[in-house]
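# Commentary on secondary and tertiary structure
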Amino acid sequence: MTGEWARRNPVIVGERQDLHVEAVVEACRHRGFDVSLVDVSTLEDRSFTYLDGEWLIGGEAFSEDQPVRRGWIRRLAPPTWRTGTQAETHEAVVRTSWLALLAGWLSSPSVQWLTAFRRLLAAENKIVQLDAVRRLGMRVPHTVLTNDLNELIDSFDEVIVKPLGPSQFLASPEDMRVVYATRMSTADMASDELASAPFLLQERIAACRHVRVVTVGGSAWVAGLDAADLPDDWRVHVPAHSSFVPAECEEVVQAAVRAATALDVHFSSQDWIVDTAGESVFLDLNPAGQWLFLPDELAQSVTGALADWLTGSR
Amino acid sequence: MQRSLYTRLGRPAESSVPGTRTMITKAKETVDNDAEYLSLGEPYLSMPSAPSALRTEITRAKETVDNDQELFDASHLFL
């Protein structure tokens, strides 16, 4: 593929070792398109020049004057890229500088991103998600964020506790910890725990079924997981990771697409539950989430839809 | 470390996010003819996919089957 078409090859922000990236790259190739992979670590390794709005990265030009390329932002950096950096050190400012460079390029109009960078960042915030979905008239769990334990106790006897920030952290250099959604009695909480880092505190809704919905544009694919005998957060139970089955649920499909549209994200991986009364409840949305653990047919459809969009087939 | 709900609820990352299992399964599939890896790889599929345990296992696998780039590309995230 040469000439103008070559310049229209899609761009993915991510690394080849990421299976989700690999799957989409392969699907694009089957459609006759090579893919340019860029993330912050490759920026470090390649030549780059920014000049008055035009970018040259690893020999590839990105300019408003060229045919618009399509792109998908999966991960800004590999998980191990410059980790363990202490704030305000030289290493930290170097790290931030590279990310600022990437953010500048992601914000340039030379690539039409499936989800625009600024939208992706905004949609990561769970409060933003809950507010957007609630405004659509769809059900979300009653949610409190507070550093006032008495306020919480007045509202709930028991809550589902979820991180508002990242779910993983290093307790020590060799001790990675993860925080899942966990049921807690408010009487068991301590004021300083509540005050030191904001957490989402939500009503517990008895789930009949866990639902993972993946949206690409106006299309959605749904898989369900029987909630019987599972913990509140199904991710704790490893066999559940491979126990989802394709589900027909037009109500959730439509609701998930509306939620993604409201947040202006054109790809999303959403978690819903169906309660014991059969009502669908939105839990959260990941604008760069995973789908390959879902049943093959469904996963391939999602991969194909992404490749279709990136290559201009849809 | 300051006490927070993170410190109270954080547990060793033994149950991975979804995708870990896919990656490991795929790594196994890509090197399915490698008998040596199969013997090493089986524990990945039966154990709770713990990053810390995986790190050890994959490092061990790497030492043993160092020429299999695909396996290590797939497992890269855990190293």
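Everything below is about the structure printed above this text.
This is a predicted model, so every value here is computed, not measured.

What counts, and where the lines are drawn
Residues numbered from 1 in each chain as written. Chains lettered and ligands numbered in written order. Predicted model: local features only at pLDDT ≥ 70, side-chain atom pairs only at ≥ 80, totals over all residues. Heavy atoms only, no water. Helix = DSSP H or I, 4+ residues; strand = E, 2+ residues; numbered from the N terminus. Expected span 1.5 Å × (residues − 1). Buried < 20%, exposed > 50% of the residue type's maximum accessible area, 1.4 Å probe, protein only. Phe/Tyr/Trp six-rings, centres within 6.5 Å; stacked < 30°, edge-to-face > 60°. Pairing = 2+ DSSP bridges. Polar contact = N/O pair within 3.5 Å; in protein donor to acceptor, adjacent residues only side chain to side chain.

### A few points about helix H10 (residues 296-310) of chain A
The α-helix winds at 3.6 residues per turn, so residues separated by three or four positions along the chain end up facing the same way. All names here are of chain A. Compared with an ideal rise of 1.5 Å per residue, which puts 15 residues at 21 Å, H10 spans 21 Å between its outermost C-alpha atoms and is within 8% of the ideal. Taken together, the buried positions of H10 are occupied by Leu-298, Ala-299, Val-302, Thr-303, Gly-304, Ala-305, Leu-306, Ala-307, Trp-309 and Leu-310. Phi turns positive one or two residues past the end of H10, at Gly-312, with a value near 80 degrees.

### Quick word on the packing of aromatic side chains
Evaluated as defined, the whole model comprises 13 aromatic pairs over all chains. Every member of this aromatic cluster is reached through a ring pair, and the members are A:Phe62, A:Trp105 and A:Trp113.

### Details of the sheet that holds strand S13 (residues 199-202) of chain A
Residues and elements named next belong to chain A. The antiparallel open sheet is built from four strands, whose spatial order is S8-S13-S9-S12. At either margin of the open sheet sits one strand with a lone partner, and together these are strand S8 (143-144) and strand S12 (182-185). Note that strand S9 (residues 158-163) and S13 share four bridges and pair antiparallel. If you follow Lys-162 over to S13, its bridge partner there is Leu-200.

### Points about the side chain of A:Ser36
Structurally, the position occupied by A:Ser36 is in strand S2 (residues 36-38). Side chain to side chain, A:Ser36 and A:Arg69 meet in a polar contact 3.0 Å long.

### Some words on the pairing of strand S17 (residues 267-275) of chain A
Two faces belong to every sheet, and in a regular strand the side chains alternate between them. Residue and element names in this part refer to chain A. Within S17, nine of the nine residues are buried, which leaves the element mostly enclosed by the surrounding structure. Covered by surrounding structure in S17 are Phe-267, Ser-269, Asp-271, Ile-273 and Asp-275 together with Ser-268, Gln-270, Trp-272 and Val-274, the residues of both alternating faces. Both strand S14 (residues 207-216) and S17 contribute to a ladder of nine bridges, which runs antiparallel. Within S17, the position partnered with Arg-209 by the bridge is Val-274. One ladder, built from six bridges, connects S17 with strand S18 (residues 280-286); its direction is antiparallel. Bridge assignment links Ile-273 to a residue of S18, and that residue is Val-281. Linkage of S17 to S18, two consecutive antiparallel strands, is achieved through a turn of four residues, within which Gly-278 is found at a positive phi near 90 degrees.

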